[in-house]
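# Architecture at a glance
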Amino acid sequence: MLMAKKSEKTNIAEEAPRAVAHPFGDESKKPKDRAGDGVSTPVSRMELLGEKETLERLRNLGKKLADEVIRGEEPKFDLPLRSRSNIVYDEGMKFLRIGEKREERRFVSVGQAKKFMQTIAIANKAKKFISEDLHTSIRGLYYQLKFTLGEDIDEELFSEQSESNELIEDLEVALSVKREDFNLTTDRKGVVAGRLKIRDNFAGEETLIDGTKMGRSGWMVPSDVDNGMELVDVDAKYVLVVEKDALWQRLNEDQFWRKENCIIITPKGQASRGTRRLIRKLADKGLPVYAFTDCDAWGWYIYWTIKTGSMNLAYLGRNFAIPEMRFIGVTMKDIEDYAFLQKLTINAKEVDLKRAEEMLSYPWISTHKRWVEELKRVLKTKKKLEQDALQGQKLTFVGDYVRKKIGEGDLMP
Amino acid sequence: MGDVFDKFKEYSVAEFFKKNRQMLGFSGKVRSLTTIVHEYITNSLDSCEEHGILPDIRVEIKELENGNLRTKVQDNGTGIPEKLIGKALGQMLAGTKFARYAQQRGQQGIGATGCTMYALLTTGKPIYVESRYKEAIVKCNLAIDFKSNSPVITNLVKEPNADGTGLVIEAEFSDVKYDSGAYGVYEYLRRTALANPHAQITLVEPGGNSVTFPRSDERIPPKPRDVLPHPLGITTHDLIDFSKRVNEGTLNQFLQDSFSRVSANKVSDIRALAPEINFGRKPKDLSWEEADKLVKVFKQVKWIAPATDSVVPIGKEQIEKAVKNILVPEFMAVTERSPKVFRGGIPFLVEAAIAYGGNSGHEKTEGGRAGDIMRFANRVPLLFDAGGCGITEAVKNIDWKRYGIKDFDNSAITVFINFTSVHVPYTGAGKQAISTDEEIMDEIRNAVQEAARLMQRYVGSVVREREREGKKKAVFRYIEQLSKDLGELSGTKSEELGKKLVEIVERKYANESNGENGNGEEKKEKLEEPEVPEE
């Protein structure tokens with residue numbers, strides 16, 4: 001991975017101008033930094049494409065290629081290179097994004113002909129899904145395209161789902177369109193409750209979802225929170241992202257969101273695309289976002305993925321990352337502040353220590369003094385701490401802990 | 001190997017045979033059967049050629065109920081006159097070959113009589129002979145009286161012969177096995193057919209399956225000229241062998257009469273170098289040690305080289321026809337080279353052919369084909385002892401990648417080498433491998449490389465063409481589906497897109513074959529102007 005200055009340019013980018021423009025956000029709209037630690041907070045760079053725009057982009061791709069063919073030229077299109085070598089940490093935007101290198105997809109090439117044909121088949125399918133207003137999973141799409149290419153061709157259009165998965169990502173990158181906009185759904189994961197209202201247009205019916213009336217189970221975040229979804233009334237002070245469902249249930253039972261006037265979300269581990277988009281949208285409403293995770297490798301990973309984006313989805317960075325997010329804990333420093341936690345640490349595993357070392361080497365982490373101290377503490381004590389430990393003395397202490405941290409601004413970047 | 005012929009005196013023929021059967025090619029069940037067929041076939045081919053007859057040979061092998069194999073070899077040679085049948089097939093060292101010194105197939109001398117013996121030793125049964133010689137057909141059973149080394153003929157029947165001439169020998173063997181692999185009779189005959197395009201050979205296998213290797217050339221090879229052996233080309237064993245046949249005169253005279261380029265002057269030179277040998281003695285009293293000394297001395301004397309016209313190759317055209325006929329290759333290259341000499345003066349000639357594709361190479365058990373090296377000495381296939389053979393070594397040492405063969409062992413390729421000489425420098429008594437002398441290896445390598453260069457040109461162009469066709473096909477197969485989807489996506493007629501795409505792909509790969517270069521696809525990419533963005 002590379003560190004990239006904003007002005008970064010590569011030769012490849014110069015040689016291969018883009019066929020499809022990137023709808024990058026306007027940087028002048030950055031609001032002020034709330035945490036005061038130098039992390040700028042980009043405003044939503046996500047434009048809601050809407051069906052029309054998505055369809056337009058699909059059709060434009062088709063038209064460009066068809067025109068080339070009619071002119072007798074080899075059809076080809078290019079897209080940002082998705083390999084790790086082209087993933088950069090954008091210091092200005094504070095998240096992982098795809099770099100400037102681009103690659104070409106050509107039909108008249110032995111190595112690429114099939115993939116090219118498959119990509120266009122997916123594009124055509126996506127166009128149909130949108131036109132018919134029907135959604136399916138990426139597995140559903142795979143089955144729609146799993147048919148033989150012809151009587152005399154002993155080959156299927158797709159024979160493995162892994163083939164189509166990869167090409168869906170290609171198409172997302174090439175058109176700057178999320179798969180959700182192609183009416184492709186992903187598994188739902190993540191639960192929300194609290195002071196937000198969402199208007200959901202689904203299957204021809206409009207429903208108003210009230211986050212304060214979700215009882216014990218909360219509202220399950222759908223895979224797509226953009227199309228047919230609208231945040232209509234967000235009357236909260238902040239968003240709290242709780243790693244574990246158990247802790248979320250604790251806070252829900254304690255009526256934490258009502259008392260605090262906030263929204264609580266649990267991604268139930270690693271955050272799904274839908275959950276990340278929902279957090280991003282709430283952040284776009286001007287709400288601070290706080291993370292509450294275990295103090296271990298997995299917890300840190302969940303936090304940093306939501307905050308700066310992941311390598312795999314770096315091409316979606318600008319739509320998913322939440323650089324303005326802050327970290328509450330738990331932290332090893334908490335042991336100093338809360339004596340009872342001292343006895344509740346557990347031994348750190350090899351993976352936790354390795355991850356801590358790795359994080360110390362990431363430039364976007366090593367520049368934060370508090371993270372360096374925290375990680376060094378873990379490496380030194382070889383201990384870790386789970387959020388569940390906060391319940392060790394008193395179940396409702398969890399809420400007190402969070403409230404105190406936010407109240408005192410005892411946060412990590 | 002010691003002095004075989006001295007031992008002859010000490011043991012009965014049968015005992016000698018039992019003790020030395022591996023020396024005569026009877027080692028292992030598969031090899032024994034191949035040896036038997038080799039001995040009969042060689043006799044048949046020699047007999048036909050001698051008399052200007054195009055050989056038509058049929059080999060039939062049957063499995064009997066008792067597990068024994070019965071062979072029947074039939075030819076259209078001259079047949080054997082009644083009074084010589086016993087001598088030819090039932091007496092050791094009575095073959096006609098010892099009387100002559102010329103480029104020959106068999107140099108064993110034990111030949112067909114050895115087979116008779118092997119039949120008797122393994123089954124106790126005499127062989128059956130049917131000889132059509134001139135106007136008579138003679139049918140008889142034949143055994144050997146081992147003690148006296150003389151033939152025993154029984155059940156002799158004589159009939160007038162109205163058909164053609166020829167010989168049929170039937171014999172039953174135990175301790176043999178039919179195998180269709182690389183060392184078996186089938187492979188032996190296939191290779192024999194390759195090196196003898198004038199012969200037609202039919203094999204009926206034990207299961208009843210019949211295979212014919214058809215004649216591909218009508219020309220009978222010219223008779224090799226009888227030449228006296230050159231002193232440089234003989235071994236101690238040869239010298240003893242020749243000397244035992246001469247009852248008269250002195251050693252001095254024997255040397256001058258029996259060898260080429262040996263004059264009285266040369267004998268004086270030899271005498272000077274071997275003063276301990278009495279050159280006035282009878283030749284047949286020559287001891288092994290003395291003969292050994294003489295052979296060594298021969299090498300120190302300066303000789304006039306032997307005549308090279310004693311060497312009769314198969315011929316370029318003949319090899320081409322045979323290879324085409326039997327291997328049906330996509331391509332072949334055959335060399336035509338002049339004779340060379342080794343060991344200071346023994347003429348030899350190497351013919352090399354390379355066949356590529358078709359039935360070249362041999363089928364691997366796991367599928368695909370493997371490269372083959374077919375070795376021949378005076379047209380006789382050498383199936384065994386490949387490892388220590390100069391031919392194998394020379395071929396293996398060639399860097400085949402240089403000639404466009406990426407992986408020799410996994411290619412449909414046959415390298416055919418025929419080593420022709422009056423004196424084939426075999427490395428062992430089995431006569432299945434030839435020497436690794438530098439001069440021989442060099443010439444074999446040169447011959448094979450010459451053929452390889454010819455082949456390379458072809459393989460290169462064929463492979464390129466095939467790759468190009470393959471590329472085109474690989475792209476073609478997706479045109480229909482792409483046209484359909486692209487048509488729907490863009491609102492363009494799919495048929496039109498399909499037609500255009502076919503044109504585009506055709507043009508692209510046609511350009512590539514006009515050979516800007518092999519990697520044109522990748523290189524061209526960089527040369528194209530970048531597209532102007534659409535938006």
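Residues numbered from 1 in each chain as written. Chains lettered and ligands numbered in written order. Predicted model: local features only at pLDDT ≥ 70, side-chain atom pairs only at ≥ 80, totals over all residues. Heavy atoms only, no water.

Looking now at the overall build of chain B. Helices and strands together make up the secondary structure of chain B, namely 16 helices and 16 strands. In chain B, which comprises 535 residues, the share counted as buried stands at 52%. In chain B, once contacts between residues fewer than 6 apart in sequence are set aside, the share between residues at least 24 apart is 71%. Working note: accessible area of chain B is about 23900 Å², and carbon and sulfur atoms make up 48% of it. (Helix = DSSP H or I, 4+ residues; strand = E, 2+ residues; numbered from the N terminus. Buried < 20%, exposed > 50% of the residue type's maximum accessible area, 1.4 Å probe, protein only. Contact = heavy atoms within 4.5 Å. Areas by Shrake-Rupley, 256 points an atom, 1.4 Å probe, with all protein chains shown as cover.)

Turning next to the nonpolar core. Formed by 75 residues in total, the largest nonpolar core has its most connected members in A:Leu240, A:Ile263, A:Ile264, A:Phe292, A:Trp300, A:Trp371 and A:Tyr401. Apart from residues lying up to four places away in sequence, A:Trp300 is in contact with A:Thr293, A:Asp294, A:Cys295, A:Asp352, A:Arg355, A:Ala356, A:Met359, A:Trp371, A:Leu375 and A:Val378. In terms of nonpolar packing, the next biggest core, distinct from the first, is built from 65 residues, B:Phe17, B:Val73, B:Tyr118 and B:Val185 among them. (Core = buried A, V, L, I, M, F, W, Y, C linked by side-chain atoms within 4.5 Å.)

A few words now on the pairing of strand β11 (residues 346-356) of chain B. Residue and element names in this part refer to chain B. By the criterion of burial, β11 is predominantly enclosed, with eleven of the eleven residues buried. Neither face of β11 is open: one carries Ile 346, Phe 348, Val 350, Ala 352, Ile 354 and Tyr 356, the other Pro 347, Leu 349, Glu 351, Ala 353 and Ala 355, and all of them are buried. Across four bridges, the pairing between strand β9 (residues 331-334) and β11 is antiparallel. Bridging from a neighbouring strand, Phe 331 pairs with Tyr 356 of β11. (Pairing = 2+ DSSP bridges.)

Further remarks concern the interface of chain B and chain A. In this assembly, 31 residues from chain B lie in contact with 43 residues from chain A. At the boundary of chain B with chain A, total buried surface from both sides reaches about 3400 Å², with 63% on carbon and sulfur atoms. One salt bridge connects A:Glu74 with B:Lys508, and the closest N-O pair in it is separated by 3.6 Å. Taken together, the connections running from chain B to chain A amount to eight residue pairs in polar contact (both at pLDDT 80 or more). Secondary-structure elements contributing two or more residues to the side of chain B that touches chain A are α13 (438-476), α14 (479-490), α15 (494-513) and α16 (520-527) of chain B. (Buried area = accessible area lost by both parts, 1.4 Å probe. Salt bridge = Lys/Arg side-chain N within 4 Å of Asp/Glu carboxyl O. Polar contact = N/O pair within 3.5 Å; in protein donor to acceptor, adjacent residues only side chain to side chain.)

So, on to the pattern of salt bridges. All names here are of chain A. In total, this model carries 80 salt bridges over all chains according to the counting rule given. The residue Glu 73 makes a salt bridge to Arg 71 at a minimum N-O spacing of 3.0 Å. The partly exposed category is assigned to Glu 73, whose relative accessible area is 30%. Here the salt bridges do not stand alone but share partners, grouping Arg 82, Glu 103, Arg 105, Glu 169, Asp 170, Glu 172, Arg 179, Glu 180 and Arg 273 into one network.

Taken in spatial order, the six strands line up as β13-β10-β16-β15-β17-β18 (chain A) in an open sheet, and their pairing is mixed. Two strands close off the open sheet at either side, each with one partner strand: β13 (219-220) and β18 (326-329) of chain A.

What follows is about the packing of aromatic side chains. Under the defined criterion, the tally for this structure stands at 30 aromatic pairs over all chains. Seen in terms of ring centroids, B:Phe342 and B:Phe348 are 5.4 Å apart; in terms of plane orientation they differ by 80°. Their pairing is edge-to-face. The exposure class assigned to B:Phe348 is buried, which follows from its relative accessible area of 1%. In this structure an aromatic cluster arises from ring pairing among A:Phe292, A:Tyr338, A:Phe340, A:Phe397 and A:Tyr401. Stacked on the ring of B:Trp303, the Lys or Arg B:Lys266 has its end atom at 6.0 Å from the ring centre. Over the face of the ring belonging to B:Phe476 we find B:Lys472, whose NZ or CZ atom lies 6.0 Å from the ring centre. (Phe/Tyr/Trp six-rings, centres within 6.5 Å; stacked < 30°, edge-to-face > 60°. Lys NZ or Arg CZ within 6 Å of the ring centre and 35° of its normal.)

So, on to the confidence of the model for chain A. The predicted model of chain A has a mean per-residue pLDDT of 86, with 88% of residues at 70 or higher. Note that residues 1-46 of chain A has pLDDT below 50 and, in this model, 117 contacts with residues that lie over four places away or in other chains. (pLDDT = per-residue confidence, 0-100.)

The next subject is helix α9 (residues 297-308) of chain A. Residue and element names in this part refer to chain A. Under the 1.5 Å per step criterion, the end-to-end length of α9 is 16 Å for twelve residues, consistent within 8% with the ideal 16 Å. Counting buried residues along α9, ten of its twelve residues qualify, which places the element largely inside the surrounding structure. Backbone geometry just downstream of α9 places Gly 309 in the positive-phi region, at approximately 90°. (Expected span 1.5 Å × (residues − 1).)

As a further point, take the packing of helix α3 (residues 113-132) of chain A against helix α5 (residues 161-175) of chain A. All names here are of chain A. Running from N to C, α3 and α5 cross one another at 70°; their axes reach a closest spacing of 9 Å. If you check the angle between α3 and α5, you find them roughly perpendicular. Residues Lys 114, Lys 115, Gln 118, Thr 119, Ile 122 and Ala 123 of α3 lie in contact with α5, whose contacting residues are Glu 163, Ser 164, Glu 166, Leu 167, Ile 168 and Leu 171. Class assignment for the residues of the contact of α3 with α5 results in five nonpolar, three polar and four charged. (Axes fitted to C-alpha atoms, helices over the stretch in contact; angles between N-to-C directions. Parallel < 35°, antiparallel > 145°, perpendicular 65-115°, else oblique. Nonpolar A, V, L, I, M, F, W, Y, C, P; charged D, E, K, R; others polar.)

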